[in-house]
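Commentary on secondary and tertiary structure
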Amino acid sequence: MALINYEPWSLLDRFQQQLNQLGYTDKSLTNGDNDYSNVVTSAWRPAVDIKEEADRFLITADLPGVDPKEIEITMDNGVLTIKGERKSEVRDEKDGYKRVERVSGTFYRRFSLPDSADAERIEAKGKDGVLEVTLPKHEKVQPRKIAVKS
């Protein structure tokens, strides 16, 4: 009897890639290019959430198994880059492993930032496999309430 490798999510992954190629994604996050913040040379792609609040943007990335000290975050010409590597463990067949699905290797994500983001005050912290990058907004673009005098 032959073993067949069945990947139940592969069809959904292919469907998502095709939707991305057709442009059914939020291009405002990538300045309209077809990169979608993922570089082809990346070995894996960590999941990322982007949230806009009144005074800041918040990027949260799932990076289990990555030491926060080993993550490189740069900002250049309005593009935020997050790079790093999850080291792979060497596993022998004798240890009882029959299948290894956790991906390791380098990752590289890029995000085009809006003009309202203040690149000088970006902060990042990592804890429990989650990276949080805080991008404050410029003071001038934050909404403010104007009092009406009588």
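This section reports on the structure supplied with the text. (Residues numbered from 1 in each chain as written. Predicted model: local features only at pLDDT ≥ 70, side-chain atom pairs only at ≥ 80, totals over all residues. Heavy atoms only, no water.)

In this section: the sheet that holds strand β3 (residues 72-76). What holds strands together in a sheet is hydrogen bonding between their backbones, with the strands either parallel or antiparallel. Spatially, β3-β4-β5 is the arrangement adopted by the 3 strands of the open sheet, whose pairing is antiparallel. Pairing within the sheet leaves two strands with one partner each, and these edge strands are β3 and β5 (105-112). Across the sheet, the mean angle separating the axes of adjacent strands is 15 degrees when strand polarity is ignored. Summarising the sheet, β3 and strand β4 (residues 79-86) pair through 5 bridges and their orientation is antiparallel. Its bridge partner being in β4, T74 is matched across the sheet by T81. (Pairing = 2+ DSSP bridges. Helix = DSSP H or I, 4+ residues; strand = E, 2+ residues; numbered from the N terminus. Axes fitted to C-alpha atoms, helices over the stretch in contact; angles between N-to-C directions.)

For the rest of this paragraph, the subject is the nonpolar core. Judged by nonpolar contacts, the single largest core of 16 residues is most densely connected at L63, I82, L131, V133 and L135. Listed by contribution, the elements that provide at least two residues to this core are β2 (56-62), β4, β5 and β7 (130-136). If we skip the residues at most four places from it in the chain, V133 touches F57, L58, I59, I73, L80, I82, I122, E123 and A124. (Core = buried A, V, L, I, M, F, W, Y, C linked by side-chain atoms within 4.5 Å. Buried < 20%, exposed > 50% of the residue type's maximum accessible area, 1.4 Å probe, protein only. Contact = heavy atoms within 4.5 Å.)

Before going further, it helps to spend a moment on the sheet that holds β2. Pairing within the open sheet is antiparallel, and its 4 strands lie in the order β1-β2-β7-β6. Every interior strand has two partners, whereas the edge strands, β1 (48-52) and β6 (123-127), have only one. Between one strand and the next, the sheet's axes are offset by a mean angle of 15 degrees, whatever the strand orientation. Pairing between β6 and β7: 5 bridges, direction antiparallel. Bridge pairing in β7 links K127 to V130.

Taken as a whole and assessed by the stated rule, the structure comprises 7 salt bridges. A salt bridge links K51 to E53; the nearest nitrogen and oxygen atoms lie 3.4 Å apart. Looking at K51, the relative accessible area reads 47%, which means it is partly exposed. Put simply, E72 and K83 hold a salt bridge, and the shortest N to O gap is 3.7 Å. Placement of the pair is E72 in strand β3 and K83 in strand β4, with a sequence separation of 11 residues. (Salt bridge = Lys/Arg side-chain N within 4 Å of Asp/Glu carboxyl O.)

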